[in-house]
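# Coordinates in review
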Amino acid sequence: MKKFLMLLAFAGVSAASMAQSEVPVLKHSVATNSFWSNWFIQANVVGTAFYSNSENSMNLPSSPLKSFRNNLGASVAIGKWFTPGLGLRTKVNGIWGRAVISDVKEENSPSKYWQANEQVLFNLSNLLCGYSDTRVWNFIPYVGAGLARSMTYDRYAIGLQAGILNTWRLSKRVAINLDASFGAHENDFDGITWQEGQEGGRTSLKWRDRDLNVELGLTFNLGKATWNKVPDVEALKALTQSQIDALNAQLADEQAENARLKNQIANHKCPEAKTVTVKETTVAPVSVFFNIGQAKIASKKDLQNVSEVAKIAKDQNKKLVVKGYADAKTGSQKFNTTLCEKRANALADELVKMGVARENIEIVTPNIADELNPVSYNRRATVEIK
C-alpha cells in the first residue's frame, strides 16, 4: 500500500514538472478577491478500495485493484480559492463500501456509509510556476479531516485524509478533475471493534480502518473565476518619472523665457513699454495611488510629483484642483462616494503640508470610474493646476 501511494505521488510530481516546462506561463501578482469570487462545485464518480483493521492477521493481498476490496460510490464538493495557490473544500463521499474479512468478495460484509471532510488545497502549479488563467493543468495536493458514519453498523468515526487533485481546463467555467486520496478512520468504523491486546494498539495506522479513493468528475467554477492583476509598480514609477522629467524641462523653458522678457523690459527704450505678457506653465494631472478600500496613500514616492505641482502653484499663485477616485467594480455606490472624498482630502492634506494654502485647493468628488485598465489604476487621487 505504501509503495503504491509513493509511486502515485512521484508520478504526479514528475508529470507536473514536464507539463509546466512545455507551456510558458506569464507570471504576475494578483489582488485579493471578494467573498463571492472563485467558488467552485464538483461532482464525481468514486472507486473505493477498503482496508479493514480486522484483516491484519489474514495476510490478504494489499493491491487496491483486488475485487474483494473495490466498490463504486459518488462524491460532491463545494470550495473556494482565497488566493491562486490556497483554497478550502468541503467534500462528502461514500454510499457503498465493505468490511473486508476475506479475499472472497461474497464473504465480505457490505457497508453503506458517508464521510464528510474539510480540506485545505495547495495549487502547486500556481504557487511554483506563477498564476495563469489559461493554464490547462493544475496539480493540487491537499490534506483534511472530518467525520464518517457507517449507516450499516450505526457507527461514527473521526478520520484524516490526504490526496492529490488534478484539474484539466475545458473552459473558463468547466474543468475535468481526477482525484486520488487516502483516508484513515477510527478502528471500529467497519463494525468490528478493536480488542485489547491487539498488536500496535489504537494509535498504529495498521489498526485503523483505511480507504483509498480514485474520483473522476467535473469542476464548475462559480462567480468570478479569475484574478485581477495588481498595479505594475515599475510601470507606474516609469510613468511618474517621465512626468517629472517633462515637467522639469517645461519649467526650465519657461524660466528662460521669463528671464529673456525681463531683460527685454529692462533695456527697452520706449517709456510706454512697461509690461509684457509672460507665458504660464500648464501641468498634466498627477496621480497618487491607494490600496483597495483604503484612503491612505500607498507609496510616499508618488508625492515627489505632487511636490513639483505644489511648487509651480505657489510660484504662480495658482489654485489647485484635487479629484478623488474609486474603481466602479469594487464596493457599493455609497461606500465609493465616501471613499472618493477621503482620498481627495488625504491628497489635499499633503498639499497643505507642502505650503499650499487650503483656500487655494478645490476638491471635486465623487469620481467613480472604470476608464483605466487594470481596474486597480482607478484607485487614485489627482491634482492639477486650475
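Since the structure is predicted, the reported quantities are computational estimates derived from the model, not experimental observations.

Below, the discussion takes up helix α5 (residues 333-353). End to end, α5 covers 31 Å across 21 residues, agreeing with the expected 30 Å (1.5 Å per residue, within 8%). If you check which residues of α5 are buried, you get Asn336, Leu339, Cys340, Arg343, Ala344, Ala346, Leu347, Ala348, Glu350 and Leu351. Summarising the contacts, the buried residues of α5 are in contact with β9 (286-289), α4 (303-316), β10 (320-327), β11 (361-369) and β12 (380-385). After α5 finishes, the residue Gly355 shows a positive phi value of roughly 100°.

Together, Arg169, Lys172, Arg173, Lys224 and Lys329 line one region of the surface with positive charge. By the secondary structure assignment, Lys224 is in the loop between β8 (209-222) and α3 (233-266).

So, on to the packing of aromatic side chains. What the rule picks out here adds up to six aromatic pairs. When the centroid spacing of 6.0 Å and the interplanar angle of 5° are considered together, the rings of Trp137 and Trp168 count as stacked. Here Trp137, found in strand β5 (residues 137-150), pairs with Trp168, found in strand β6 (residues 155-169); they are 31 residues apart in sequence, far enough to count as distant. Residue Trp137 is classed as buried on the basis of its relative accessible area of 12%. Its relative accessible area of 31% is what places Trp168 among the partly exposed residues. Connected via pairs of aromatic rings, a cluster forms that spans Phe35, Trp36 and Trp39. The cationic tip of Lys80 hangs over the ring face of Phe82; the distance from NZ or CZ to the ring centre is 5.4 Å.

Attention now moves to empty space enclosed by the protein. Applying the stated criterion across every chain yields a total of four cavities of 30 Å³ or more. Computed from the structure, the largest cavity encloses a volume of approximately 500 Å³. In terms of lining, the largest cavity is formed by 30 residues, of which the most central are Trp81, Asn138, Thr167, Asn221 and Ala225. The element best represented in the lining of the largest cavity is β6, accounting for four residues. Across the lining of the largest cavity, the residue classes break down as 13 nonpolar, twelve polar and five charged.

What follows concerns the pairing of β9. Neither face of β9 is open: one carries Val286 and Val288, the other Ser287 and Phe289, and all of them are buried. Where β9 meets β12, four bridges bridge the pair, whose relative direction is antiparallel. Directly across from Ser287, in β12, lies its bridge partner Thr382.

Attention now moves to the environment of Gly144. In this fold, Gly144 is placed in strand β5. Judged by its relative accessible area of 14%, Gly144 is buried. The spatial distance from the C-alpha of Gly144 to the C-alpha of Ala116 is 9.9 Å, given a sequence separation of 28 residues.

Of all eight residues that make up β10, seven are buried, and the element is covered over most of its length. Where β10 meets β11, seven bridges bridge the pair, whose relative direction is parallel. Note that in β11 the partner of Leu320 across the bridge is Ile361. Alignment of β10 against β12, held across five bridges, turns out to be antiparallel. By the bridge assignment, Lys323 is partnered in β12 with Thr382.

With that settled, consider the confidence of the model for the protein. Mean pLDDT over the protein works out to 80, with 77% of the residues at or above the 70 mark. Contacts from residues 1-27, a stretch scored under 50 in pLDDT, to residues over four places away or in other chains number 31 contacts.

Bringing the sheet that holds β12 into the picture now. The mixed open sheet is built from four strands, whose spatial order is β9-β12-β10-β11. Edge positions in the sheet fall to β9 and β11, since each of these pairs with one other strand and no more. Ignoring strand direction, the axes of neighbouring strands in this sheet form an average angle of 20°. Lying over the sheet, α5 contacts β9, β10, β11 and β12, oriented at roughly 145° with respect to β11.

Across soluble globular proteins, nonpolar side chains have a tendency to be buried as a group. Within the largest apolar cluster, 24 residues are counted, with the highest numbers of intra-cluster contacts made by Val288, Val306, Leu320, Val322, Leu347, Leu351 and Val383. Of all the secondary-structure elements, those providing two or more residues to this core are α3, β9, α4, β10, α5 and β12. One finds Phe40, Trp81, Ile140 and Trp227 within the second-largest nonpolar core, a separate group that totals eight residues.

Turning our eyes to something else, we now look at the environment of Ser287. Mapped onto the elements of the fold, Ser287 is located in strand β9. Along the chain, Ser287 and Asn378 lie 91 residues apart, while their C-alpha atoms are 9.9 Å from each other. What Ser287 contacts, discounting residues up to four positions off in sequence, is Asp302, Arg380, Ala381 and Thr382. Side chain to side chain, Ser287 and Arg380 meet in a polar contact 3.1 Å long.

Take α4 next. Residues spaced three or four apart along an α-helix face the same direction, because each turn holds 3.6 residues. Taking 1.5 Å per residue as the helical rise, α4 with its 14 residues ought to reach 20 Å, and the 20 Å between its terminal C-alpha atoms agrees with that figure. Every buried residue of α4 is accounted for by Leu303, Asn305, Val306, Val309, Ala310, Ile312 and Ala313. One or two positions beyond α4, positive phi appears at Asn317, with a value near 55°.

Together, Ile41, Ile78, Val136, Trp168, Leu170, Ile176, Leu178, Val214, Leu216, Leu218, Phe220 and Leu222 give the surface a local cluster of nonpolar side chains, amounting to about 950 Å² of exposed area. Of all the elements in the fold, those that place two or more residues in the nonpolar patch are β7 (174-185) and β8. The dominant element in the nonpolar patch, judged by the number of residues it contributes, is β8, at five residues. Looking at the element boundaries, Phe220 is found in strand β8. Judged by relative accessible area, Phe220 falls into the partly exposed class, the value being 33%.

What counts as what
- Residues numbered from 1 in each chain as written.
- Predicted model: local features only at pLDDT ≥ 70, side-chain atom pairs only at ≥ 80, totals over all residues.
- Heavy atoms only, no water.
- Helix = DSSP H or I, 4+ residues; strand = E, 2+ residues; numbered from the N terminus.
- Expected span 1.5 Å × (residues − 1).
- Buried < 20%, exposed > 50% of the residue type's maximum accessible area, 1.4 Å probe, protein only.
- Contact = heavy atoms within 4.5 Å.
- Patch = residues over 30% accessible without salt bridge, like charges linked within 9 Å, V, L, I, M, F, W, Y side chains within 5 Å.
- Areas by Shrake-Rupley, 256 points an atom, 1.4 Å probe, with all protein chains shown as cover.
- Salt bridge = Lys/Arg side-chain N within 4 Å of Asp/Glu carboxyl O.
- Lys, Arg positive; Asp, Glu negative; His and termini not counted.
- Charge placed at Lys NZ, Arg CZ, Asp CG, Glu CD.
- Phe/Tyr/Trp six-rings, centres within 6.5 Å; stacked < 30°, edge-to-face > 60°.
- Lys NZ or Arg CZ within 6 Å of the ring centre and 35° of its normal.
- 1 Å grid on protein atoms, 1.4 Å probe; cavity = no way out; pocket = protein on both sides within 12 Å on 5 of 7 lines; lining within 4 Å.
- Points joined across faces, edges and corners; volume = space filled by probe spheres on them.
- Nonpolar A, V, L, I, M, F, W, Y, C, P; charged D, E, K, R; others polar.
- Pairing = 2+ DSSP bridges.
- pLDDT = per-residue confidence, 0-100.
- Axes fitted to C-alpha atoms, helices over the stretch in contact; angles between N-to-C directions.
- Core = buried A, V, L, I, M, F, W, Y, C linked by side-chain atoms within 4.5 Å.
- Polar contact = N/O pair within 3.5 Å; in protein donor to acceptor, adjacent residues only side chain to side chain.

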